[in-house]
Amino acid sequence: MNITIRKGVEADYPAVIELIHQFALYQKAPESVTNSAEQMKADNNLFQCFVAVDETNRIIGYAAWFFAYFSWTGKALYLDDLYVVESARGKAIGTRLLQTVIDHAKATNCVKVRWQVSNWNKPAIAFYRKMGALIDDVEMNCHFELQH
């Protein structure tokens, strides 16, 4: 399998949103996805991703990210999603996507890459640990839902 990792572009958004829906289904929260390719286009100054593309030019994985600033440490890259379609897993595509994110963070002078992992997702936790990630089990997620 010949895979290319590249920066996502606007033409990729419909395929990426389809993978986002697949990821939400895997996370057992398909109803949580309210984003759309049109919204991504409207927010293209904020939405960033790398995509994994196979030899047929099909997007089979993505890493969505954005820059963040943490008051204690400074500039960081926040990895929002990392997903590879089930049929393409076990071929180091997730490793290549994550390494691309890490390399981009280094190249843009970030002090860290940060993300979340569900505590039930043992394969992802094992993968991140194998890659050398430190996993904090102290912090909890908080958010406010803002209606439009």
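Here's a quick rundown of the structure. Because the structure is a prediction, the values reported are computed rather than measured.

## With respect to the packing of aromatic side chains
Overall, the coordinates contain nine aromatic pairs when judged by the stated rule. For the ring pair F23 and Y83, a centre distance of 5.4 Å and an interplane angle of 40° mean the geometry is tilted. Of this pair, F23 sits in helix 1 (residues 13-26) while Y83 is found in strand 4 (residues 74-84), placing the two residues 60 residues apart along the sequence. For F23, a relative accessible area of 14% translates into the label buried.

## Details of the environment of A15
Mapped onto the secondary structure, A15 falls in helix 1. A relative accessible area of 32% means that A15 is categorised as partly exposed. Distance in space between the C-alpha atoms of A15 and D103 is 24 Å, their sequence separation being 88 residues.

## Side note on the sheet that holds strand 3 (residues 59-70)
The strand order across the open sheet formed by five strands is 1-2-3-4-5, and the pairing between neighbours is mixed. The strands lining the two open edges of the sheet, one partner per strand, are strand 1 (4-7) and strand 5 (112-115). Adjacent strand axes in the sheet meet at a mean angle of 30° when their direction is disregarded. With four bridges connecting them, strand 1 and strand 2 (residues 48-53) associate as antiparallel partners.

## Comments concerning the side chain of D54
Within the secondary structure layout, D54 lies in the loop between strand 2 and strand 3. According to the relative accessible area criterion, D54 is buried, its value standing at 9%. Among the polar contacts listed, one links the side chain of D54 to the side chain of T56, at a separation of 2.7 Å. Within polar-contact distance, the side chain of D54 engages the backbone nitrogen of R58 at 2.9 Å. Here D54 is in contact with N2, I3 and I60, once residues within four sequence places are set aside.

About the criteria used
Within each chain, residues carry numbers counting from 1 in the order of the written sequence. The model is predicted, so local features are restricted to residues of pLDDT at least 70 and side-chain atom pairs to those at 80 or more, both for listing and for counting; the totals for chains, interfaces and linings are taken over all residues. Side-chain numbers come from the whole structure's heavy atoms, not from hydrogens or water. Only rings of Phe, Tyr and Trp enter the pairing, Trp through its six-membered ring, and a pair is recorded when the two centres are within 6.5 Å. The plane angle decides the type: under 30 degrees is stacked, over 60 is edge-to-face, the rest tilted. Note on conventions: DSSP H or I runs of at least 4 residues are helices, E runs of at least 2 residues are strands, and numbering of each starts at the N terminus. Exposure classes here rest on a 1.4 Å probe applied to the protein chains alone. A residue is buried below 20% of its type maximum, exposed above 50%, and partly exposed in between. When DSSP finds two or more bridges between a pair of strands, those strands are recorded as paired. Structural elements are reduced to axes, namely lines fitted to C-alpha atoms, with helices fitted over the stretch in contact, and the angle between N-to-C directions of any two is expressed from 0 to 180 degrees. By the criterion applied in these results, polar contacts are pairs of N or O atoms within 3.5 Å in which, for protein atoms, one can donate a hydrogen and the other can accept it, and in which residues neighboring in sequence qualify only through two side-chain atoms. The contact criterion used throughout is that any non-hydrogen atoms of two residues lie within 4.5 Å.

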